[in-house]
Amino acid sequence: MISYKNIHKAFDIPVLTGVDLTVETGEMFALFGPSGTGKSVLMKTTLSLVVPDLGDVEVDGLSVYEGPSSNLEKIRRKIGYVFQHAALFDSLNVYENVSMGLPEDEISRLTTAELSRRVWETLEIVNLEPREILSKLPSELSGGMKKRVGIARAIVGRPEILLWDEPTTGLDPINTAAVERLIKRLSTELEVTSLLVTHDVEGGLQMCDRVAMLSGGTLRFVGTPQEFKDSPDTVVRAFVDRAAAIAALDMAVV
Amino acid sequence: MIRPVEGWFAKVGRSYRVTLEHAGALGMLSWDTLVSIATLKVRLKDILTQLHIMGVQSLPIVFVTATLAGIVTSQQGGYQLISSSPQYILGTLVVQSVVLELAPLLTAIVLVGRIGARITAELGTMVVSEQIDAFKSLGRDPISIIAAPRIIAGVLTMPLLVGFANVIGINAGMLMADFDIGLGRETFLYGARLNWHSWDLFYGFAKSVVFGLFIPVISVHMGLRTRGGAEGVGLQTTKAVMFMILSILVIDALFPPLLLQ
Ligand SMILES: Nc1ncnc2c1ncn2[C@@H]1O[C@H](COP(=O)(O)OP(=O)(O)O)[C@@H](O)[C@H]1O
Ligand SMILES: [Mg+2]
């Protein structure tokens, strides 16, 4: 379970002005919102990648900002973070990138063969052919492949919680569908809690148990997909309509 | 016309605050680096890679700069001294200029371009592509993985490169003196020895160690503060280069009052 409590964050201007949100254990939760509203910033506060000006985050009862600093270490082990542009380490090959997803002490505990098997299996889970790409550098991979390697790195440590920052943005429809299936499968098979930031409203509504919409620094809506579709809130309506229009445009282009 | 004055004071106040912020962050970064060295979190392999990039790969350009510095000092010195002073003074002049000033300063400026800019751009790219966040999310410490090896390598490499530049610069100056005003090797070295203090060598190396610390510390610091995409990386790299060159000139100016009385 992740609880965001009264999160405030300003850079030059206020970005988050009091966000309260709880994602339940085992839940698949989608966070929508126009770009630049602070979805990534909110997600980053979970691991102290962005430190809120005010407020706290609790992960399975462990406080990130008000507890001992050892909490952060424990929380990092629970969470796999999938970054928007994969954020693979440029100078490391795919094998090294994925193995970085394991904590240092676990790497030193595993034999080379065990580590190699672990990386291999994880790449297969994300539908990549290990033999072909293990020794490739990120610059030699396509966008869709990079995203999958990024996912592999996030799940190789068998996290209980996955944070997905726009995992399908910038992918073609075929890769989008594949990554969405993967998210769904991981969430059900590995029984992880997922918090998903996405532009793909249609996909998010289909996959997720609950959704929320961030707008103007706070959560404008929290509820089930059905409630979201039926929401009388004009801001939500405008967002849904625009998302639908963009989706239609995408389909037309394809 | 009070406004411009107020505005000016506000500006001075602001740059003072910004300077203090930078200074504080630079201090923290150096401290964090020391801590990661002390706790053995820095990998030898990473240091060796950086030593190769900063040291070995800088040799050609340092060779060229030092040669030119030696030649130019020798020619200009020869031009000024020719009638009034004993010729062996040229040996003193070239060696002192190279060891005290030119080798450390020019090598530092070359490293700003070759290494400093590269580090800022590299780290800036890692920030904007979220690689630094990725390191942290995986419980790794970007300081010990990325910053520390570069800073350690800088401190180790710089004095060695300056030593190399000294040898090259002095020899180039000596050859030029022979070619230009027919000053023989023996006489040149006699002049060099006549006014030689071992302290000078230490002075030059002390400078180079400080430069070798500042270049990577500033470039890492600036790189980690990069914001906003590819454009931000370019902007931040330019800023970092200006910052490094200014710092080097200021440090260079502080050395004589501190170490030469
Ligand atoms: N490290 C940072 N420094 C300054 N401003 C930032 C930083 N990170 C995000 N911002 C700003 O915060 C706002 C929200 O960003 P973000 O969370 O990335 O939006 P999105 O909802 O599209 O994910 C944007 O205006 C962005 O420019
Ligand atoms: Mg974002």
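Note: the structure precedes this text.
Overview of the structure. (Residues numbered from 1 in each chain as written. Chains lettered and ligands numbered in written order. Predicted model: local features only at pLDDT ≥ 70, side-chain atom pairs only at ≥ 80, totals over all residues. Heavy atoms only, no water.)

## Notes on the overall build of chain A
In terms of helices and strands, chain A carries 11 helices and 10 strands. A globule of 254 residues ought to have a C-alpha radius of gyration of about 18 Å, and chain A, at 18 Å, matches this closely. Taken along its principal axes, the extent of the C-alpha atoms in chain A is 55 × 50 × 35 Å. Counting only residues that meet the buried cut, chain A has 53% of its 254 residues in that class. The contacts of chain A with a sequence gap of at least 6 include a subset with a gap of at least 24, amounting to 62%. Of the roughly 11,600 Å² that chain A leaves accessible, carbon and sulfur atoms contribute 53%. (Helix = DSSP H or I, 4+ residues; strand = E, 2+ residues; numbered from the N terminus. Rg over C-alpha atoms; globule rule 2.2 N^0.38 Å. Buried < 20%, exposed > 50% of the residue type's maximum accessible area, 1.4 Å probe, protein only. Contact = heavy atoms within 4.5 Å. Areas by Shrake-Rupley, 256 points an atom, 1.4 Å probe, with all protein chains shown as cover.)

## Here we look at the site of ligand 1
As a matter of local geometry, ligand 1 sits amid A:Phe11, A:Val15, A:Ser35, A:Gly36, A:Thr37, A:Gly38, A:Lys39, A:Ser40, A:Val41 and B:Arg227. Around ligand 1, the nearby residues trace back to chains A and B. A:Gly36 places a polar main-chain atom, nitrogen or oxygen, 2.7 Å from an oxygen atom of ligand 1. A:Thr37 is positioned with one of its backbone polar atoms (N or O) 3.2 Å from an oxygen atom of ligand 1. Summarising the interface, the protein chains cover 63% of the accessible area of ligand 1, which totals 560 Å² for the free molecule. In the shell around ligand 1, the residues fall into three nonpolar, five polar and two charged. (Near = heavy atom within 4 Å. Polar contact = N/O pair within 3.5 Å; in protein donor to acceptor, adjacent residues only side chain to side chain. Nonpolar A, V, L, I, M, F, W, Y, C, P; charged D, E, K, R; others polar.)

## With respect to the side chain of B:Thr92
Residues and elements named next belong to chain B. Considering the arrangement of structural elements, one finds Thr92 in helix α4 (residues 89-128). According to the relative accessible area criterion, Thr92 is buried, its value standing at 10%. Within the local environment of Thr92, its side chain forms a polar contact with the side chain of Asn195, the two groups lying 3.4 Å apart. Those residues in contact with Thr92 that sit more than four places away from it in its chain are Gly191, Ala192 and Asn195.

## Side note on the interface of chain B and chain A
Every contact between the two is made by 11 residues of chain B and, on the other side, 20 residues of chain A. At the boundary of chain B with chain A, the tally comes to three salt bridges. We note a salt bridge from B:Glu130 to A:Lys44, for which the minimum N-O separation is 2.7 Å. Our count for the contact surface shared by chain B and chain A stands at six residue pairs in polar contact (both at pLDDT 80 or more). When grouped by side-chain class, the residues that make up the side of chain B that touches chain A number three nonpolar, four polar and four charged. (Salt bridge = Lys/Arg side-chain N within 4 Å of Asp/Glu carboxyl O.)

Honestly, it's all geometry; don't read function into it.
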